[in-house]
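Structure assessment
As a plain string of letters, each chain reads:
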Amino acid sequence: MRIFDSKPAMRLLAPLAFILVVAGTGFVAATASAEKRLPTRTPQELLVDLQQARTDGLSGTVVERADLGIPAIPGADGRDNAELTSLISGTHTLRVRYSAPDKARLAVLGTYSEYDLIRNGKDVWTWSSKDNAATHRTVTAEPGSTPSETPKTPEEAANRVLQALEPTTTVTTDSSVEVAGRPAYELVLDPNDSNSLISQVRIAIDGDAKLPLRVQVFGTDNKIVFEVAYTSVDFTRPDDAEFVFNPPPGAKVTEVQPSDKTPSAQDRKQSQDARKATTVVGSGWTAVAVTKVGDLSNSQSDQQLKAFLSKLQPVQGSWGSGRLLAGTAFSAVWTDDGRLAVGAVRPDVIYQALNR
């Protein structure tokens, strides 16, 4: 669903760009039963609330935790690369500042380090305190487009979402949760398919601001395999100084030159071929995407990927042979004949898809 594509604030407020999910037993400090229940709202009303929500800005702290069962990715020297796996495993704290679509700041806080992404008008900075290094690029405004099939009203968008969900999902609401000290509603999605590794998804929506405060994804045995939630949030506009970045003395600064190159006919053809190389087997929560990725067993171009695959379990069947990643919320198989199959399903469902 692309109903929130025109809402940059929405994409930032629930930092699902790192979505995938949070593991563990939940946030004691961030989550509790609300002392006072909010008025009952239907799933459609909550979806309309999300479409109509507005904010002049916010400051908050987010905790993200993930337990997806993904092995550490080895670096070029063969050692585990914490940079590449940091946001798909373990617990992480992020600091969010938002003032406008072109004025935002996200900081990933480590024990002894910090990584920042700052957008301030046309200037975009990244900063790594660990490496004492920064990058800077200048962006130009991209013209917006409104496809003809875009919903014309929030109600129409909500109905489209529900129509897409309801054949495979039971959609309900709860109004007795509290996140970051704020009463909230929860939109609860229950898949109606036992073959899915995802047993439930819960989205907490602020009872007043109507903005997302938390997303939880539950795997088998009702275990949270992914969660991202505000532990504190203030819906006021941050000071403009929050978005000004000046590299510290001695920092290495890399200027990234803007690219005004338009895609060539060959680039467009390659993009079209890549889309055609992917097929989807099944539908809903148990859909499996099968993509032709080339023969990885003979590839010399990506030693890091090969080192990662070597950590995975060898598997074989009537579909062929390959390597299995059996995660807590999804399964993936890289076949020796150059296919990648991924889905939020058990491995046997992946094998069935590869046989088609």
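Before going into details, it helps to say that this report is about the structure given with it.

Let's shift gears to the overall build of the chain. Scanning the chain for helices and strands turns up seven helices and 20 strands. Classification of the 356 residues of the chain by burial places 42% in the buried group. Within the chain, counting contacts between residues at least 6 apart in sequence, those at least 24 apart form 57% of the total.

One open sheet accounts for six strands, arranged S15-S16-S20-S19-S18-S17; its pairing is antiparallel. With partners counted over all chains shown, the strands left at the sheet margins are strand S15 (278–281) and strand S17 (313–317), one partner each. Put simply, the sheet's adjacent strands are angled 25° from each other on average, direction ignored. Here helix H7 (residues 347–354) sits on the sheet and contacts S15, strand S16 (288–292), S17, strand S18 (320–326), strand S19 (331–335) and strand S20 (339–343); the angle it forms with S19, its principal contact strand, is near 40°.

Attention now moves to the packing of helix H2 (residues 43–52) against helix H4 (residues 154–165). Running from N to C, H2 and H4 point in directions that differ by 130°, and their axes come no closer than 8 Å. Taken together, H2 and H4 sit at an angle that is classed as oblique. By crossing handedness, the relation of H2 to H4 is classed as right-handed. Contact residues: H2 offers Pro43, Gln44, Leu47, Val48, Gln51 and Gln52, while H4 offers Pro154, Glu155, Ala157, Ala158, Asn159, Val161 and Leu162. A breakdown of the residues in the contact of H2 with H4 according to their chemical character gives eight nonpolar, four polar and one charged.

Two aromatic rings, taken as a pair, are described by how far apart their centres are and by the angle between their planes. Inspection of the entire model under this criterion finds four aromatic pairs. Seen in terms of ring centroids, Trp125 and Phe245 are 5.1 Å apart; in terms of plane orientation they differ by 55°. Their pairing is tilted. With Trp125 in strand S7 (residues 123–128) and Phe245 in the loop between strand S13 (224–234) and strand S14 (252–256), the pair connects residues that are 120 residues apart, well separated along the chain. Of the two residues, Trp125 and Phe245, both sit in the buried class. Their ring planes at 10° and their centres at 5.4 Å tell us that Trp319 and Tyr351 sit as a pair that is stacked.

The next thing to look at is H4. An α-helix turns once every 3.6 residues. As a result, residues three or four positions apart point the same way. Helix length check: H4 (twelve residues) gives 17 Å between terminal C-alpha atoms against 16 Å at 1.5 Å per residue, within 8%. Inspection of H4 places Ala157, Ala158, Val161, Leu162 and Leu165 among the buried residues, and these make up the whole buried set. End-on, the buried residues of H4 take up no more than an arc of 130°, which puts them together on one face. Check the buried side of H4 and you find it contacts H2, strand S9 (169–179) and strand S10 (182–191).

What counts and how
Residues numbered from 1 in each chain as written. Predicted model: local features only at pLDDT ≥ 70, side-chain atom pairs only at ≥ 80, totals over all residues. Heavy atoms only, no water. Helix = DSSP H or I, 4+ residues; strand = E, 2+ residues; numbered from the N terminus. Buried < 20%, exposed > 50% of the residue type's maximum accessible area, 1.4 Å probe, protein only. Contact = heavy atoms within 4.5 Å. Pairing = 2+ DSSP bridges. Axes fitted to C-alpha atoms, helices over the stretch in contact; angles between N-to-C directions. Parallel < 35°, antiparallel > 145°, perpendicular 65-115°, else oblique. Left-handed = near helix turned anticlockwise from the far one by under 90°. Nonpolar A, V, L, I, M, F, W, Y, C, P; charged D, E, K, R; others polar. Phe/Tyr/Trp six-rings, centres within 6.5 Å; stacked < 30°, edge-to-face > 60°. Expected span 1.5 Å × (residues − 1). Arc of directions from axis to C-beta.

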